[in-house]
Amino acid sequence: MPNEAGRAYGLTALCPIKHGAEAPQPGKPARSFAARTRDLLQDLNEAAESPMACVPNTYLCRFLVLDNVAYQGDPAKLDRLRSSYLVFVADLHAGKKSEEGLRRYLEGMWEHAEPTVRSLWEHCVGFDTVSSSDAFVRYVKRCQVENTLYFNGSTDEPLAEQLKNLYLKQEFSRFAFEHQGKKGAELQAAFGQFLTRTRPHDLSGPTWKPGARTLDDAVIDPNPPPQYLRSVPTGASR
Amino acid sequence: MPNIAGKAFAMNLITPIERWQAAFNKIQFWAIRQPILSFSLRGLVTLSMIHYARWAIVQPTEWPRLDESQPKEKLHYAYQLFFSNFNGSWAQYVDSFSVAIPSGLNLLWFRNVGWPKAVPEQPFHRYVEHNEVWTSHYYSAYPMAASNDVKSAQRVKQALTSFASRTKDMEAAAFEQAYNELLNELQADLSQMAPTPIVSLANAAVEERMRQDAEAGDEQDSGRAPAMMGGSHAE
């Protein structure tokens, strides 16, 4: 299937936006539904965290409003789209059964980001009838276009694995730097403490938080070990 | 800049193709996907700054129409949609493509209307700029990591967990030797990640606003009037 590469899945959805405009508010000009959708998307950039950070297994994703296509100049023919489209493009972990994985992903999106989903899709054609995760899955699938080629230049692990790997890479790089020149027993004891602190097999934490933009807020650990086991601060920032 | 999420850059390119040509190109893409012809993607693999990328060819009748109230699209052309996530700047990416896999690009955009060929670079740049569409919101789960970091982190984790179980009961001297071998094995994969100087202009604006809000809060706490509030917060 051209929508997947290994266990990674590329969702491409073109969601038509209704014609027309919102009723003007006092002191504010009327905005077309397409312009209003773009406003809402741009508002997301002002928040400290993207709402998509809450959606499990989102590697990367983007939203844009496509109003038209570019004219290539004479002698090309002029094309004009008759609707604007909310374009939703997501790179996600779907697992081996990709279509089932896509359904789970969209259900998770509804579960964890429903207010955002409702506001972004509010002005899309046919979205009025969407009021459950099942309906949202069906809706997005109706808007989905099939990829002709999907290329994975990264890994296809579950996001929790990728984030744990990144946390371990960061921590072990620091460990290696700080323990240069140490010998035998001292090195072995320090490595033991490192394993206790970083818990390499525990995906719940310590790990990197999805979407973290700075090292100061990158590490999360919902189940920190007792204080006496934490000989080194768990923060990644130095 | 909403096309940027930390180290990732989102490119969107939408280009027309004659409908009959699009049907042919779909067959060509199908062939590229077959294992026996997977070597044709080898050039893409060498561009290690790519996280994920996709191509989708949409015929005029394939644009989603969900309701009778929505007008049918009446387009002369099919359209090829290209969405890519990569690390580095726009120019670095476009130039890398042009230099590393010019024939691959000519294959992937075969006979798209106005396609100037991947080389020379200047017409190719103009074509990309002309057909590029701006992203409004872009999210990355790991803005501080490049694609190479994600791949090397996987190797680090595998090597580390294997090393931990292998050396569990080792004598100190043997452990030290195994540890040095581990560092030797991972030397190309170990590095510290950090934010790019400006993750994005929007993010920089958010941080500046938060800083101003915090300063204003401190001043209010100390009983003085705030000097200047961040304007966007009140909107």
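Cut-offs and rules
Residues numbered from 1 in each chain as written. Chains lettered and ligands numbered in written order. Predicted model: local features only at pLDDT ≥ 70, side-chain atom pairs only at ≥ 80, totals over all residues. Heavy atoms only, no water. Core = buried A, V, L, I, M, F, W, Y, C linked by side-chain atoms within 4.5 Å. Buried < 20%, exposed > 50% of the residue type's maximum accessible area, 1.4 Å probe, protein only. Helix = DSSP H or I, 4+ residues; strand = E, 2+ residues; numbered from the N terminus. Contact = heavy atoms within 4.5 Å. Domains from an automatic or database assignment. Buried area = accessible area lost by both parts, 1.4 Å probe. Salt bridge = Lys/Arg side-chain N within 4 Å of Asp/Glu carboxyl O. Polar contact = N/O pair within 3.5 Å; in protein donor to acceptor, adjacent residues only side chain to side chain. Nonpolar A, V, L, I, M, F, W, Y, C, P; charged D, E, K, R; others polar. Pairing = 2+ DSSP bridges.

Peer 1: Tell me about the nonpolar core, and please be specific about residues and values.
Peer 2: Counting 85 residues, the largest nonpolar core has Phe-63, Phe-88, Met-109, Trp-121 and Phe-136 of chain A together with Tyr-142 of chain B as the members making the most contacts within it. Take this core: its biggest share by element is 9 residues, from helix 2 (residues 98-121) of chain A. What Phe-88 of chain A contacts, discounting residues up to four positions off in sequence, is Leu-11, Thr-12, Ala-13, Met-52, Cys-61, Arg-62, Phe-63, Tyr-105, Met-109 and Trp-121 of chain A. Counting 33 residues, the second-largest nonpolar core is a separate cluster that includes Phe-82, Tyr-93, Trp-115 and Tyr-127 of chain B.

Peer 1: Can you break down the domain arrangement of chain B residue by residue, with the values?
Peer 2: Residues and elements named next belong to chain B. Each assigned domain of chain B is listed here: domain 1 (4-131), domain 2 (147-186) and domain 3 (201-234). When each unit is reduced to the centre of its C-alpha atoms, the spacing between domain 1 and domain 2 is 40 Å. Domain 1 puts 6 residues into the contact, and the matching count from domain 2 is 4 residues. Summed over both sides, the interface between domain 1 and domain 2 buries roughly 320 Å², with carbon and sulfur atoms accounting for 33% of that surface. In this structure, the connection of domain 1 to domain 2 is made through 0 salt bridges. Where domain 1 packs against domain 2, one counts 5 residue pairs in polar contact (both at pLDDT 80 or more). Class assignment of the residues belonging to the side of domain 1 that touches domain 2 gives a composition of 2 nonpolar, 3 polar and 1 charged.

Peer 1: Summarise the interface of chain A and chain B; cite the residues concerned and give the values.
Peer 2: Listed by partner, the interface residues are 95 residues for chain A and 98 residues for chain B. At the junction of chain A with chain B, the criterion picks out 5 salt bridges. A salt bridge links Asp-91 of chain A to Arg-54 of chain B; its shortest N-O distance comes to 2.8 Å. Linking chain A with chain B are 49 residue pairs in polar contact (both at pLDDT 80 or more), by the criterion used here. Here the side of chain A that touches chain B is built from residues that sort into 54 nonpolar, 24 polar and 17 charged. Judged from the 4 bridges that link them, strand 5 (residues 149-152) of chain A and strand 3 (residues 50-58) of chain B form a sheet pairing that is antiparallel. If you follow Asn-152 of chain A over to strand 3 of chain B, its bridge partner there is Tyr-52 of chain B.

Peer 1: So, the pairing of strand 2 (residues 8-17) of chain B: which residues are in play, and what are the values?
Peer 2: Residue and element names in this part refer to chain B. For strand 2, the buried fraction is high: 10 of the 10 residues fall into the buried class. Neither face of strand 2 is exposed, since Ala-8, Ala-10, Asn-12, Ile-14 and Pro-16 on one face and Phe-9, Met-11, Leu-13, Thr-15 and Ile-17 on the opposite face are all buried. In terms of strand pairing, strand 1 (residues 4-5) meets strand 2 through 2 bridges, oriented antiparallel. Looking at strand 2, one finds that Ala-5 is bridged to Ala-8. In textbook terms, the turn of a hairpin is the stretch between consecutive antiparallel strands, and for strand 1 and strand 2 this stretch comprises 2 residues, one of which, Gly-6, has a positive phi near 65 degrees. Where strand 2 and strand 4 (residues 78-87) come together, 10 bridges link them in antiparallel fashion. Residue pairing for strand 4: Pro-16 is matched across the bridge by Tyr-79.

Peer 1: So what's going on with unusual backbone geometry? Residues and values would help.
Peer 2: Among all residues save glycine, negative phi is the norm, and among peptide bonds the norm is trans. Residue and element names in this part refer to chain A. In this structure, the amide linkage connecting Asp-74 to the following residue, Pro-75, adopts the cis form with an omega of 15 degrees. The residue Pro-75 is located in the loop between strand 3 (58-66) and strand 4 (84-93) in this model. Following Gly-205, the chain continues into Pro-206 via a peptide bond in cis, with omega recorded as -5 degrees. Within the secondary structure, Pro-206 is located in the loop between helix 5 (184-198) and strand 6 (207-208). Residue Asn-57 is not a glycine yet carries a positive backbone phi of 65 degrees.

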